Amino acid sequence: EPYGGNGTAICSAALDGTGFQVLLSPGAGVAQAAVALHHAAYAPDGSVVFEMNGRATGERVWRLSAGKLQMLGEFRNDNSPCVLPSGVIASLYLGRDGNPSGAHELKLMSASGAEPRMALTGVDIVDSQISCGK
């Protein structure tokens, strides 16, 4: 479903379709507060970076590593993360001061969510069918 409708989970499978597994489901375990999970990408360290939508948190970028969940940065309305080979995370950020229209602007941040910088502002990037990978 476009834009990760309610109830969407993060899953993994081999290219040939074997080994299917649900990595994280909304409303269960460490994702208890989640409504929807989507736009997942593997990081170089093997963790999974994704967007989690929660009733209390809104759209945020998170990391799942060894069963532990970590919110990356303090960015509300941050979505569609893509992990670059360097570990840097690109995402579409709607909450920048000076962005009154709520355009999806391109933000970069370190693997820990620190050192954010805007890479493209004043342009609304459509976030449908975005993906990334090696």
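Now for a quick tour of the structure.

Calculation rules
Residues numbered from 1 in each chain as written. Predicted model: local features only at pLDDT ≥ 70, side-chain atom pairs only at ≥ 80, totals over all residues. Heavy atoms only, no water. Buried < 20%, exposed > 50% of the residue type's maximum accessible area, 1.4 Å probe, protein only. Helix = DSSP H or I, 4+ residues; strand = E, 2+ residues; numbered from the N terminus. Pairing = 2+ DSSP bridges. Axes fitted to C-alpha atoms, helices over the stretch in contact; angles between N-to-C directions.

## Focus: the pairing of strand β8 (residues 89-93)
Part 1: Burial analysis of β8 places five of its five residues in the buried class, which makes it a mostly covered element.
Part 2: Of the two faces of β8, the one carrying Ile89, Ser91 and Tyr93 and the one carrying Ala90 and Leu92 are both buried.
Part 3: From the end of strand β7 (residues 78-83) to the start of β8, which pair antiparallel, there are five residues, and glycine 87 there has a positive phi angle of about 100°.
Part 4: Taken together, the five bridges between β8 and strand β9 (residues 105-109) define a ladder with antiparallel strand orientation. Within β9, the position partnered with isoleucine 89 by the bridge is methionine 109.

## Some thoughts on the sheet that holds strand β4 (residues 48-54)
Part 1: The strand order β3-β4-β5-β6 describes an open sheet built from four strands, whose pairing is antiparallel. The sheet is open, and its two edges are formed by β3 (34-42) and β6 (68-71), each paired on a single side. The average angle at which neighbouring strand axes cross in this sheet is 30°, direction not considered.
Part 2: Summarising the sheet, β4 and strand β5 (residues 58-65) pair through seven bridges and their orientation is antiparallel. Pairing of methionine 52 across the sheet is with arginine 60, part of β5.

## Description of the sheet that holds β7
Part 1: One open sheet holds the four strands; their spatial order is β7-β8-β9-β10, and the pairing between them is antiparallel. Where the open sheet ends on each side, the last strands, each with one partner, are β7 and β10 (117-120). Direction aside, neighbouring strands of the sheet carry axes that sit 30° apart on average.
Part 2: With four bridges joining them, β7 and β8 adopt antiparallel strand pairing.

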